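Overview (structure and organization)
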Amino acid sequence: MECVGVTMFLLMFTLFLIFPGTDCKCTECVSLQATQHGKVGDSMLLKVETHFDVQNVTFQGSWYKIKPKNTLLVTFDNINAIPNLRLENRPEIKLPDVSLNFKHLDEDTQGEYELQINIIFPEIPSPVAVTKRVTVTVSVPVSVPFISKTPESELVEDRDNVTLTCSVEHGTNVQFRWLRNNLVVGPSERHTFSQDHGTLVISPVKKEDIGQYICKAQNHISSNLSKPAELIVFYGPYNLAVNSDQGMKTEGVFMVNPEELVFFECIADSNPPNTCVWISKTKNGTEVLMTGPRFEVKPYELPQGKEFLCRAFNNMTKKQDETKFTLVMASLDRKAKYSQEGSALSPLTFITISSVVIIVCMMFVLLRKSCHPRRMMKTIYRRPMTEQRGLHRSGHEDATEDFGIYEFVSVPGKMDSTQASCRSLAGLDSVKDLHTTIYDVIRHVPETPTLSLLK
C-alpha cells in the first residue's frame, strides 16, 4: 500500500509539471497597469495585455469597481459581453480584447477596479483564474492658489502663532507644498501641516520665519503657484553693540582726543528699531544722559575713565538688552589710528615691497656685472695671445672674422676720438679718469695680416 501511495504522488507531481496552468504561473499571462490618471471629460482605456493566443483558448470573466463601493461593471466571455445596464456611464469591451474603455470620465469614475478572468487552455482540463487590480484617478486641473493668514495682525517672536492656509477655486486630488524664500518648508517642532499640506501652522513664530511664502498646488495632471505672501515678525534686540568713528576701541574701552567732539551709536538687530537710553555710571549711582540711537560726548568735560551704558528696549517684544563701555581721554595721532585699522595688511604689504626691491637690486647687479663696458674692455684685451695664435692657425671662419685691431673711442666728447685711439692698451687703468661710460668700438683689418700682429 505504501508503494501505491508513493506512485500516485509521483504521478500527480508529474502531471503538475507537464500542465503548468496554475494560478501562480498564469499571472504572467495577463498584465495591467496598476495606476492610471485621467482628466474630467477625457476618455480612458484600461489596457489589458494578454500573453497567450486568445484564438485557441476559451475565457470568461468580469470587471468590478470595488472602491468606493463594490459594483459589477460588465461580464464577458469570448462570444459576447454583458454590461451592467444600471450604470449611466457604461464602459465597453470588444472581445477578444478584455480591456475596459471609458468614453467620458467624470469624478464618479474615480476608484479602484478589479478584473477577474478564467482561462481554459486546450491542454489543461481545469480553468485558470487570474485577478488584476487598477486604481483610476479623475482630476480637475487646479486653478491659481491663494494664501490666507490667521491672525492678520502683526506677529511677535516667541509669543504669537500663525496659520497659513492655501486654497484653490478649482481642482481635485490637490496636494500642496510650501516654500519660504524659494526653499521648501518641511515639518519640524514648530511647523505642522494638514494631511494635504494645505495648512501650515507655525507655533511660536521666530525671527527665522520671516520671508516670502509661496504655495504650490498640484495634482496628477496640473500644478500652479500662488502669489508671494510676506510674513513679518517683531523680534530683538540681538547683538547689541556701541560703535564710533572717532578714537580707538579696544575691548570696550574708547580712547579719544580731548579736543574732539565724539559721537557714539547704539546698534542692535531688532524689528522694529529699539528705543535707546544712554546712561553714565558713577560711584553714587547712574544718571540718564539722553534718549536716542546717537550719543554726543565732549571728552574735555568728563573725568578720566568714566563708564557709560547703552540700554536698548523693543516696545513690541518688550525685551531689552544693554552694553557698557569706558571712555578714556588721550592724545592720539590720527595716523596711528589708521595704521592700527590697517595693521592686518601691513605685514603682507611690507613683505611684498621688500621682495620686489630685492629682486630689482639683484637684476641690476647682474646686468652691471655682465654689461659694464670697462669689464668688456678688460676681458677682450687680457685674452691670452696663445689662444689668439691657436685660433689663427686653426683656420676656422670664426677666428678669421675676429682678426683685426680694435680701438675704443669715448662718445660723450670730453676727449676726442683721436686721442682715445692713441692711448696704449697697456694703460687701460687710466681710462678711469675719463669719467665716461659709453664707448665706440672700431676694428681695423690690415690688408696683409702678419705674424707680428699676433705676437
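Above: the structure in question.
Rules used in this analysis
- Residue positions are given per chain, counting from 1 as you read along its sequence in written order.
- In keeping with the predicted nature of the model, local features appear solely for residues at pLDDT of at least 70, side-chain atom pairs appear and are counted solely at 80 or more, and the whole-chain, interface and lining totals rest on all residues.
- Values reported for side chains reflect all heavy atoms of the structure, with hydrogen atoms and water molecules removed beforehand.
- Pairing between two strands requires that DSSP report at least two bridges joining them.
- Helix and strand labels come from DSSP, where a helix needs a run of H or I of at least four residues and a strand needs a run of E of at least two; each type is numbered from the N terminus.
- The term disulfide is used for any two cysteine sulfur atoms that are within 2.5 Å.
- Accessibility here uses a 1.4 Å probe with only protein chains present; expressed as a share of the type maximum, an area under 20% marks a residue as buried, one over 50% as exposed, and anything in between as partly exposed.

Some words on the sheet that holds strand β25 (residues 262–271)
Reading across the sheet, the four strands line up as β13-β22-β25-β28 and stay open at both edges, with mixed pairing between neighbours. Sheet topology places β13 (155–156) and β28 (294–297) at the edges, where each strand pairs with a single neighbour. Pairing between strand β22 (residues 233–243) and β25: five bridges, direction antiparallel. Within β25, the residue paired with Val-242 across the bridge is Cys-266.

Describing the state of the cysteines
Scanning the model with the defined rule gives two disulfides in all. Between the sulfur atoms of Cys-166 and its disulfide mate Cys-215 the distance is 1.8 Å. Negative torsions about the S-S bond denote left-handed disulfides, and the value of about -90° found for Cys-166 with Cys-215 makes this one left-handed. On the criterion of sequence distance, the pair formed by Cys-166 in strand β14 (residues 162–167) and Cys-215 in strand β19 (residues 211–218) is long-range, its members being 49 residues apart. Side by side, Cys-166 and Cys-215 carry an identical accessibility label, which is buried. With its sulfur 1.9 Å from that of its partner, Cys-266 forms a disulfide with Cys-310. Taking the sign of the torsion about the S-S bond as the criterion, the disulfide between Cys-266 and Cys-310, at about -110°, is left-handed. With a gap of 44 residues between them, Cys-266 in strand β25 and Cys-310 in strand β29 (residues 306–313) connect regions that are remote in the sequence. A relative accessible area of 0% means that Cys-310 is categorised as buried. Here the disulfide map of the protein chain reads 1-2, 3-4, the bonded cysteines being numbered as they appear in the sequence.

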